[in-house]
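Structural features, examined
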Amino acid sequence: MSDRESTNGSAERRLGVFKTYKLYVGGKFPRSESGRVYEVTDSKGQWLANAPQSSRKDARDAVVAARKAFGGWSGATAYNRGQVLYRVAEMLEGRKEQFVREVAAAEGLSKSKAAAVVDAAVDRWVWYAGWTDKIGQISGGANPVAGPFFNLSTPEPTGVVAVLAPQKSSFLGLVSVIAPVIATGNTAVVIASADAPLPALSLGEVLATSDVPGGVVNILSGATAELAAPLAAHQDVNAIDLTGAGAELAKELEIAAADNLKRVLRPLPAEADGSDASTDWLAAPGRHRLTAFLETKTVWHPTGALGAAGSSY
């Protein structure tokens, strides 16, 4: 009798191997330091997996990782950042089937609609990859001044950005808020959708196997309000995207963010209730998220004189 058959001759059922979802912090996959997990269910209430429930300590650790990675990432050439973002798209394309399953389960979509969402997410990485070395051309330039000076304005990344991902669009919305942040040289601490965190946690696996340096993107799962509060008040966080926050929570976070003059990106009108249910994430994203977390540095430089006649540049 084969060891694959039971005593009554019927084939044994293979033991299922359930996926263990973990956080993505500093290029590694830690469990929450609290040891907590919470159940994630599909749109019909059926259990999908246990996701780590991040703590405030996890949020602080993610900020440390993001700050450590900021110098190298912001110092990379814009062209190189574009190559890295395109590599993410390549890796996603190769794992499309997995993400179609996860998005369909997370958002209650048919397989065909989930496939369209994943395709759009891949295309969005490509779209933002193309902007990395072009955004400076439309956000900066030479300024005309009355005097013998060069006056040049150039955009620079803000720093560490806390990102509250959309609650309903667990993957396309997620990509739409992460990609522009890192495309312009910032690093990100992302709070995934509380009810549908699995696509976000799987995205961490893609980032780890692409060329994105560890710490550039850090992904946490858990209660949005619990994690957002310490990030909004954190003195080493430079900006916050409130897309995934409801109106009441967003107001509280704005007040906390004012303590160190963080840049704040408020939700668009369709996102203002925090549900983002009416937001068309499939629509063209525009450039507003690219410029939301940029600082403008303006430099004055004397032109000097040419020759004895005193002519100048």
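Structure first, text after, so check above.
As a starting point, this report considers the structure included with it. (Residues numbered from 1 in each chain as written. Predicted model: local features only at pLDDT ≥ 70, side-chain atom pairs only at ≥ 80, totals over all residues. Heavy atoms only, no water.)

1. Brief notes about helix α3 (residues 96–107)
Test applied: Helical segments are the DSSP runs of H or I of at least four residues, strand segments are the runs of E of at least two, and each set is numbered from the N terminus. To estimate the expected span of a helix, count its residues, drop one, and scale the result by 1.5 Å. Note on exposure labels: buried denotes an accessible area under 20% of the residue type's maximum, exposed denotes more than 50%, and partly exposed covers the range between, all computed with a 1.4 Å probe on protein chains only. In this description, contact between two residues means that some pair of their heavy atoms is separated by no more than 4.5 Å.
Between the first and last C-alpha of α3 there are 16 Å, a value that for 12 residues agrees with the 16 Å anticipated at 1.5 Å per step. Listed in full, the buried residues belonging to α3 are Q98, F99, V100, E102, V103 and A104. Considering only its buried residues, α3 is in contact with α2 (78–94), α4 (111–131) and α7 (198–209).

2. So, the side chain of T158
Note the threshold: Counted as a polar contact is a pair of N or O atoms within 3.5 Å, where, for protein atoms, one must be capable of donating a hydrogen and the other of accepting one, and residues adjacent in sequence contribute only when both atoms are in side chains.
With respect to the element layout, T158 can be found in the loop between β4 (149–157) and β5 (160–164). One polar contact links T158 to E295, side chain to side chain, over a distance of 3.1 Å. Filtering out sequence-adjacent residues up to four positions away, T158 remains in contact with N186, N238, A239, R263, F293, L294 and E295.

3. Overview of the sheet that holds strand β6 (residues 187–191)
Inclusion rule: Pairing between strands is defined by DSSP: at least two bridges between them are needed. Helix axes use the C-alpha atoms of the stretch in contact, all axes being lines fitted to C-alpha atoms, and the angles between their N-to-C directions lie in the range 0 to 180 degrees.
Spatial ordering of the open sheet is given by β7-β6-β5-β8-β9, a layout of five strands whose pairing is parallel. A strand with exactly one partner marks an edge of an open sheet, and here the two such strands are β7 (217–220) and β9 (263–265). Along the sheet, successive strands turn relative to each other by an average axial angle of 15°, direction set aside. Strand direction decides the pairing type here: strand β8 (residues 239–241) and β9, joined by three bridges, are parallel. Residue pairing for β9: D241 is matched across the bridge by L265. Contacting β5, β6 and β7, helix α1 (residues 56–75) crosses the sheet at an angle of about 155° to β6.

4. Quick word on the pairing of strand β1 (residues 37–41)
Two elements, β1 and strand β2 (residues 47–52), share five bridges in a ladder whose sense is antiparallel. Opposite T41, over in β2, you have W47 as the bridge partner. What sits between β1 and β2 in their antiparallel hairpin is a turn of five residues, with G45 showing a positive phi close to 85°.

5. Let's talk about the packing of aromatic side chains
Here is the rule we go by: Ring pairs shown here join Phe, Tyr and Trp side chains whose ring centres sit within 6.5 Å, with only the six-membered ring taken for Trp; geometry is labelled stacked below 30 degrees between planes, edge-to-face above 60, and tilted in between. Placement of a charge over a ring requires the Lys NZ or Arg CZ to be within 6 Å of the ring centre, with the centre-to-atom vector within 35 degrees of the ring normal.
Using the criterion set out here, one finds five aromatic pairs in the structure. A ring pair is formed by F18 and W47, whose centres lie 5.8 Å apart and whose planes are at 75°; its orientation type is edge-to-face. Of the two residues, F18 is situated in the segment before β1 and W47 in strand β2; the sequence distance between them amounts to 29 residues. One aromatic cluster is present, formed by W127, Y128 and W131 through successive ring pairs. Above the face of the F70 ring, R67 is positioned so that its terminal group lies 5.6 Å from the ring centre.

6. Here we look at the pattern of salt bridges
Any two side chains of opposite charge can pair if their charged atoms end up close together. Inclusion rule: What makes a salt bridge here is a side-chain nitrogen of Lys or Arg within 4 Å of a carboxyl oxygen of Asp or Glu, nothing more.
Enumeration over the complete set of coordinates arrives at 14 salt bridges. Residue R266 pairs with E254 through a salt bridge whose shortest N-O separation is 2.8 Å. Separated by 12 residues along the polypeptide, R266 in the loop between β9 and α10 (288–292) and E254 in helix α9 (residues 247–257) bring together distant segments of the chain. The shortest N-O distance in the salt bridge between R263 and E295 comes to 2.7 Å. Highlighted residues: R263 in strand β9 and E295 in strand β10 (residues 294–302), separated in sequence by 32 residues. Since its relative accessible area comes to 31%, R263 is described here as partly exposed. On the accessibility criterion, E295 (30% relative accessible area) is partly exposed. One network of salt bridges, in which partners are shared, links K19, R95, E102 and E205.

7. A word on the pairing of β5
Rules: The path from the first strand over the helix to the second decides the hand: if it runs clockwise while the strands point away from the viewer, the crossover is right-handed.
Judged by how many residues are buried, β5 sits mostly within the fold: five of five residues are covered. The sheet contact formed by β5 and β6 spans five bridges and is parallel. Note on β6: the bridge partner recorded for L164 is I191. Note on the crossover from β5 through helix α6 (residues 172–183) to β6: the handedness is right-handed. Two strands pair when backbone bridges link them, and β5 and β8 are joined in this way by three bridges, in the parallel orientation. Residue pairing for β8: A162 is matched across the bridge by I240.

8. A look at the environment of S112
Within the element layout of this structure, S112 appears in helix α4. Residues S112 and V100 lie 12 residues apart in sequence; the distance between their C-alpha atoms is 8.6 Å. Side-chain polar atoms of S112 contact the side chain of S110, separated by 3.2 Å.

9. Concerning the environment of Y128
On the secondary structure map, Y128 appears in helix α4. In the structure, Y128 is positioned 51 residues away from A179 in sequence and 6.5 Å away in space, judged by C-alpha atoms. Among all residues touching Y128, those that are not within four sequence positions of it are L85, S176, A179, P180, A183, P285, G286, R289 and L290.

Distances and angles like these do not, on their own, reveal function.
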